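Each chain, letter by letter, is given below.
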Amino acid sequence: MGVFLKRTEKRENQEPAALQENARTRFVRHFRRDGWHWYFAGYLVIISALPYVAGLIFSIDNLSLFPMLITAPIGGMLAAPQLCGLADTLLRSFRDEEQDSWWKTYRKVWKRNWKATLLPGAIFGTISALQLFTLNYLALEGDLAMFVWVAFTVLITTSILTF
């Protein structure tokens, strides 16, 4: 037997119905069961990110870096525990077939991780706000090459820091 099982081979400890289920049908089943939970957890993230977005918009509109340096770490620290709760809600719904109330587990995860997410939230909030401020400034200046370079670094930084 090789590293990967053939589709025709039976896996141990699995029912035949579970073998027939593909990723799409599993996702649809989980979405029907937990879709509203994901929706509400996503809204909690959006609500918690409003101070960050408001500070960033204010700083970009006024072309002032000082308010952003104050609001970006605070907004990042507010949004980070909710992002952790959203990720936990999604991953638990895919792992567990039968689960507890999503709100109870969300609160438990939030209470357990809020201290650990404050520093990464502040750092990521500040770095992403500085990059978005620079990206907007370069777009106003009309320097296309530098705009593309900063947009690329924003994308890379965001993908690295979120995973």
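Residues numbered from 1 in each chain as written. Predicted model: local features only at pLDDT ≥ 70, side-chain atom pairs only at ≥ 80, totals over all residues. Heavy atoms only, no water.

Enquirer: Any chance you could explain the nonpolar core here in plain terms?
Expert: Soluble globular proteins tend to bury their nonpolar side chains together. Residues Y52, L56, M68, A72, A129 and F133 constitute the largest nonpolar core, which totals six residues. Taken together, the elements giving at least two residues each to this core come down to α2 (23-62), α3 (65-95) and α4 (102-141). Apart from the residues within four sequence positions on either side, L56 is in contact with M68, T71, A129 and L132. If you look at the next biggest cluster of nonpolar residues, it comprises five residues, including A41, V45, L86 and W102. (Core = buried A, V, L, I, M, F, W, Y, C linked by side-chain atoms within 4.5 Å. Buried < 20%, exposed > 50% of the residue type's maximum accessible area, 1.4 Å probe, protein only. Helix = DSSP H or I, 4+ residues; strand = E, 2+ residues; numbered from the N terminus. Contact = heavy atoms within 4.5 Å.)

Enquirer: Even after reading the chapter, I still don't get the environment of T158, so can you show me in this structure?
Expert: Note on placement: T158 falls in helix α5 (residues 144-162). For T158, a relative accessible area of 29% gives the class partly exposed. When the C-alpha atoms of T158 and S128 are compared, they prove to be 7.2 Å apart, with 30 residues separating the residues in sequence.

Enquirer: What should I look at first to understand the pattern of salt bridges in this one?
Expert: Two side chains carrying opposite charge are able to pair once their charged atoms lie near each other. A full pass over the atoms with the stated rule returns two salt bridges. Ionic pairing is found between R33 and D34, a salt bridge with its closest N-O pair at 2.8 Å. For R92, the salt bridge goes to D88, with nearest N and O atoms at 2.6 Å. Of this pair, R92 and D88 are both found in helix α3, four residues apart, which corresponds to roughly one turn of the helix. (Salt bridge = Lys/Arg side-chain N within 4 Å of Asp/Glu carboxyl O.)

Enquirer: Explain a positive patch on the surface to me, please; I cannot follow it from the model alone.
Expert: Taken together, the side chains of K104, R107, K108, K111 and R112 present a region of like positive charge at the surface. Position of K108 relative to the elements: it lies in helix α4. (Patch = residues over 30% accessible without salt bridge, like charges linked within 9 Å, V, L, I, M, F, W, Y side chains within 5 Å. Areas by Shrake-Rupley, 256 points an atom, 1.4 Å probe, with all protein chains shown as cover. Lys, Arg positive; Asp, Glu negative; His and termini not counted. Charge placed at Lys NZ, Arg CZ, Asp CG, Glu CD.)

Enquirer: Honestly, the packing of α2 against α4 in this entry has me stumped. Any pointers?
Expert: Two numbers describe how α2 lies on α4: the axes approach to 11 Å, and their chain directions differ by 30 degrees. Comparing the axis directions of α2 and α4 gives the class roughly parallel. Our pair here, α2 against α4, has a crossing hand that is right-handed. For the pair α2 and α4, contact is made by H37, F40, A41, L44, Y52, L56, S59 and I60 and by W102, W103, Y106, G125, S128, A129, L132, F133 and N136, respectively. Residue classes in the contact of α2 with α4 are distributed as twelve nonpolar, five polar and no charged. (Axes fitted to C-alpha atoms, helices over the stretch in contact; angles between N-to-C directions. Parallel < 35°, antiparallel > 145°, perpendicular 65-115°, else oblique. Left-handed = near helix turned anticlockwise from the far one by under 90°. Nonpolar A, V, L, I, M, F, W, Y, C, P; charged D, E, K, R; others polar.)

Enquirer: Looking at this structure, I do not really get α4. What am I missing?
Expert: Residues separated by three or four positions in an α-helix point in the same direction, a consequence of the helix having 3.6 residues per turn. End to end, α4 covers just 47 Å across 40 residues, shorter than the expected 58 Å (1.5 Å per residue, more than 12% under). At W114, α4 shows its maximal kink, close to 55 degrees. Looking one or two residues beyond α4, the residue adopting positive phi is G142, at roughly 90 degrees. (Expected span 1.5 Å × (residues − 1). Bend = angle between axes of the 7 residues up to and from the residue.)

Enquirer: Explain the packing of α2 against α3 here, please?
Expert: Axis angle and axis distance: for two packed helices, these are the angle between their axes and the distance between the axes, and together they describe the pair. Viewed as axis vectors pointing N to C, α2 and α3 meet at an angle of 175 degrees, and their least axial separation amounts to 8 Å. Taken together, α2 and α3 sit at an angle that is classed as roughly antiparallel. Across the contact of α2 with α3, the residue classes tally to 19 nonpolar, twelve polar and three charged.

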